[in-house]
Amino acid sequence: MNKIQKILGIALFVSVVLPVYAENKYNPIVNSVYSLGISPDATASGMGDLGAATDPDVNSQYWNPAKYAQIESKAGFGFSYTPWLSKLASDIDLAYLAGYYKLDDRQSLSASLRYFSLGEVILRTAIEDPGYSIQPYEFAFDVAYSRMLSERLSMAVAMRYIVSDLMSGDEPAGKAFAADVAAYYKQPVYFGSRRGALAFGANISNIGTKISYDGGNTSYFIPTNLRLGTSLSYPIDDFNALRFSLDVNKLLVPTPSDSTEVTTDESSIAGIFKSFGDAPGGLSEELQEIYGSVGVEYAYNNQFFVRGGYYYENQYKGNRKYFTFGAGFKMSMFRLDASYLVSQSQTNPLDETLRFSLGFDMEGLRAMLGK
């Protein structure tokens, strides 16, 4: 096993393979560039890590870029920070920057940059060897175009460039290209005389090439994912509102025939189609590969927010189960959000971790500066 495979094996063990084992049943889907699956912002993370059909905001690029075509503000940008394995290390984290600009009332451009640092890793060839230090990292940069296709339906296409450097220059960095295709539909609904909203969203993300760390001799799947969601906004009165949301997901990556299989010779596109019916356990195992989130948000005057959510993943497919809590504050020029995660299993690197997001509205900033 070469150095790259060792690093991948450690990453998979820490993030996927720590759950309870069950003979002949534990069979999680494995892929490379695990950081692409980490939810980047505190707003969505406070509701159980969901966002396919929630209201558009500055961080919609990750969840559903089609929402930008229906955002009210002209332009905005935001920054989010997520500590990773904070109980074990202080130098592993995810930084995320996102922004958007509305070209007109029907179309928008958006972009995001994520940087995942794996901290300092000491490599040794023997116990007495002092070793040497490397700093592996992964990053992804993407741009998206979204457009209204009707009064209530918008769609988007995003293009992404991915780099995964696990050996910090000692071995070739893995590189991949991917695309997202997303849709968002929102319509008003009435509860007596009060107006709420019902929304649906879909996003197939990371449709692209496989990634290799040895010049193409061995290739790994990236986390192609299908996300479907719905959201309902219920106005209690003129100042108070509740929003209920649900997301379901499925990784469009082949199921390994056993828990040690990491790569195959199939193309990524073939893997997408195969992923719907290749589980060794048949339909029951395919259904185990569907994971999801439910969340609720209370809003006062659309300025103060309190959130909660629950995330579920089958015990044989990763065993991530956790509650999330969040709060936010919004003004005309900026918003600040925070979230906290409480895991129900011993498998989550974000257990008891506090995350933050800060967003800015360009129109609000311009008004404050008097321009």
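Procedures and definitions
- Residues numbered from 1 in each chain as written.
- Predicted model: local features only at pLDDT ≥ 70, side-chain atom pairs only at ≥ 80, totals over all residues.
- Heavy atoms only, no water.
- Helix = DSSP H or I, 4+ residues; strand = E, 2+ residues; numbered from the N terminus.
- Buried < 20%, exposed > 50% of the residue type's maximum accessible area, 1.4 Å probe, protein only.
- Contact = heavy atoms within 4.5 Å.
- Areas by Shrake-Rupley, 256 points an atom, 1.4 Å probe, with all protein chains shown as cover.
- Core = buried A, V, L, I, M, F, W, Y, C linked by side-chain atoms within 4.5 Å.
- 1 Å grid on protein atoms, 1.4 Å probe; cavity = no way out; pocket = protein on both sides within 12 Å on 5 of 7 lines; lining within 4 Å.
- Points joined across faces, edges and corners; volume = space filled by probe spheres on them.
- Nonpolar A, V, L, I, M, F, W, Y, C, P; charged D, E, K, R; others polar.
- Salt bridge = Lys/Arg side-chain N within 4 Å of Asp/Glu carboxyl O.
- Polar contact = N/O pair within 3.5 Å; in protein donor to acceptor, adjacent residues only side chain to side chain.
- Pairing = 2+ DSSP bridges.
- Patch = residues over 30% accessible without salt bridge, like charges linked within 9 Å, V, L, I, M, F, W, Y side chains within 5 Å.
- Phe/Tyr/Trp six-rings, centres within 6.5 Å; stacked < 30°, edge-to-face > 60°.
- Lys NZ or Arg CZ within 6 Å of the ring centre and 35° of its normal.
- pLDDT = per-residue confidence, 0-100.

## What to know about the overall build of the protein
Secondary structure assignment for the protein yields 6 helices and 18 strands. Relative to its 371 residues, the protein shows a buried fraction of 50%. Contacts in the protein between residues far apart in sequence, at least 24 positions, make up 60% of those at least 6 positions apart. On the protein, roughly 17200 Å² of surface is accessible, and the fraction owed to carbon and sulfur atoms is 61%.

## Re the nonpolar core
Counting 15 residues, the largest nonpolar core has I38, W84, I92 and F116 as the members making the most contacts within it. Excluding residues within four positions of it along the chain, F116 makes contact with S35, I38, W84, I92, D93, L94, Y137 and E138. Counting residues in hydrophobic clusters, the runner-up holds 11 residues, among them V33, A140, I162 and Y220.

## Some thoughts on empty space enclosed by the protein
In total, this model carries 5 cavities of 30 Å³ or more according to the counting rule given. Estimates place the volume of the largest cavity at around 760 Å³. Lining the largest cavity are 45 residues, with G37, I38, Y62, Y291 and R320 positioned closest to its centre. Elements represented by at least two residues in the lining of the largest cavity include exactly α1 (3–15), α3 (60–63), β3 (107–117), β6 (137–148), β9 (194–208), β12 (225–235), β13 (240–251) and β14 (290–300). By residue class, the composition of the lining of the largest cavity is 20 nonpolar, 15 polar and 10 charged.

## Structural notes on the pattern of salt bridges
For the structure shown, the criterion picks out 17 salt bridges. Two residues, D337 and R307, come together in a salt bridge whose shortest N-O distance is 2.9 Å. On the criterion of sequence distance, the pair formed by D337 in strand β17 (residues 334–343) and R307 in strand β15 (residues 304–312) is long-range, its members being 30 residues apart.

## Describing the side chain of N206
For N206, the location among the structural elements is in strand β9. Here R160 takes part through its side chain, which lies 2.9 Å from a polar atom of the side chain of N206. Among the polar contacts made by the side chain of N206, one reaches the main-chain carbonyl oxygen of P223 at a distance of 3.2 Å. With sequence-adjacent residues up to four places away left out, N206 is seen in contact with L36, R160, A178, A179, D180, I222, P223 and T224.

## Some details on the pairing of β14
Inspection of the sheet shows β13 paired to β14 by 11 bridges, in the antiparallel sense. Bridge pairing links L246 to V294 in β14. In this structure, the hairpin formed by β14 and β15 is closed by a connection of 3 residues, where N301 is found at a positive phi of approximately 55°.

## A short note on the side chain of S112
Within the secondary structure, S112 sits in strand β3. What makes S112 buried here is its relative accessible area of 4%. Discounting chain neighbours no more than four positions away, the residues touching S112 are Q61, Y96, L97, A98, A140, F141 and D142.

## Some thoughts on unusual backbone geometry
Backbone geometry places V33, a non-glycine residue, at a positive phi of 50°. Turning to its location among the elements, V33 is positioned in the loop between α1 and α2 (42–45). One non-glycine residue with positive phi stands out, namely N302, at about 55°. Looking at where N302 falls in the secondary structure, it is placed in the loop between β14 and β15. Of the residues examined, N302 reaches a relative accessible area of 37% and is grouped as partly exposed.

## Focus: a nonpolar patch on the surface
A cluster of nonpolar residues, F77, F79, Y81, L97, L113, F141, V143, L149, M155, V157, M159 and V181, forms a patch on the protein surface that exposes about 1000 Å² of accessible area. By secondary structure assignment, the location of F79 is in strand β1 (residues 75–83). We classify F79 as partly exposed; its relative accessible area is 43%.

## Some details on the packing of aromatic side chains
Using the criterion set out here, one finds 18 aromatic pairs in the structure. Judged by centre distance (6.4 Å) and plane angle (10°), the ring pair of Y137 and F139 falls under stacked. Overall, the relative accessible area of 23% leaves F139 in the partly exposed class. Centre to centre, the rings of F239 and Y300 are 6.2 Å apart; their planes meet at 25°, and the pair counts as stacked. Of the two residues, F239 sits in the loop between β12 and β13 while Y300 sits in strand β14, which places them 61 residues apart along the sequence. For Y300, a relative accessible area of 35% gives the class partly exposed. An aromatic cluster is built from Y115, Y137, F139, Y161 and F177, whose rings are joined through pairwise contacts. Sitting above the plane of the F221 ring, K210 keeps its charged end 4.3 Å from the centroid.

## Brief notes about the confidence of the model for the protein
Looking at the protein as a whole, the pLDDT averages 87, with 89% of positions reaching at least 70. Scored below 50 in pLDDT, residues 4–10 makes 12 contacts in the model with residues more than four places away or belonging to other chains. Contacts of residues 12–23 to residues separated by more than four positions or lying in other chains number 25 contacts, the stretch itself having pLDDT below 50.

## Some thoughts on the environment of N249
Along the chain, N249 turns up in strand β13. According to the relative accessible area criterion, N249 is buried, its value standing at 3%. Separated by 46 residues in the primary sequence, N249 and N203 place their C-alpha atoms 9.6 Å from one another. Apart from residues no more than four positions distant in its own chain, N249 is found in contact with N225, L226, R227, E289, I290 and Y291. A distance of 3.2 Å separates a polar atom in the side chain of N249 from a polar atom in the side chain of R227.

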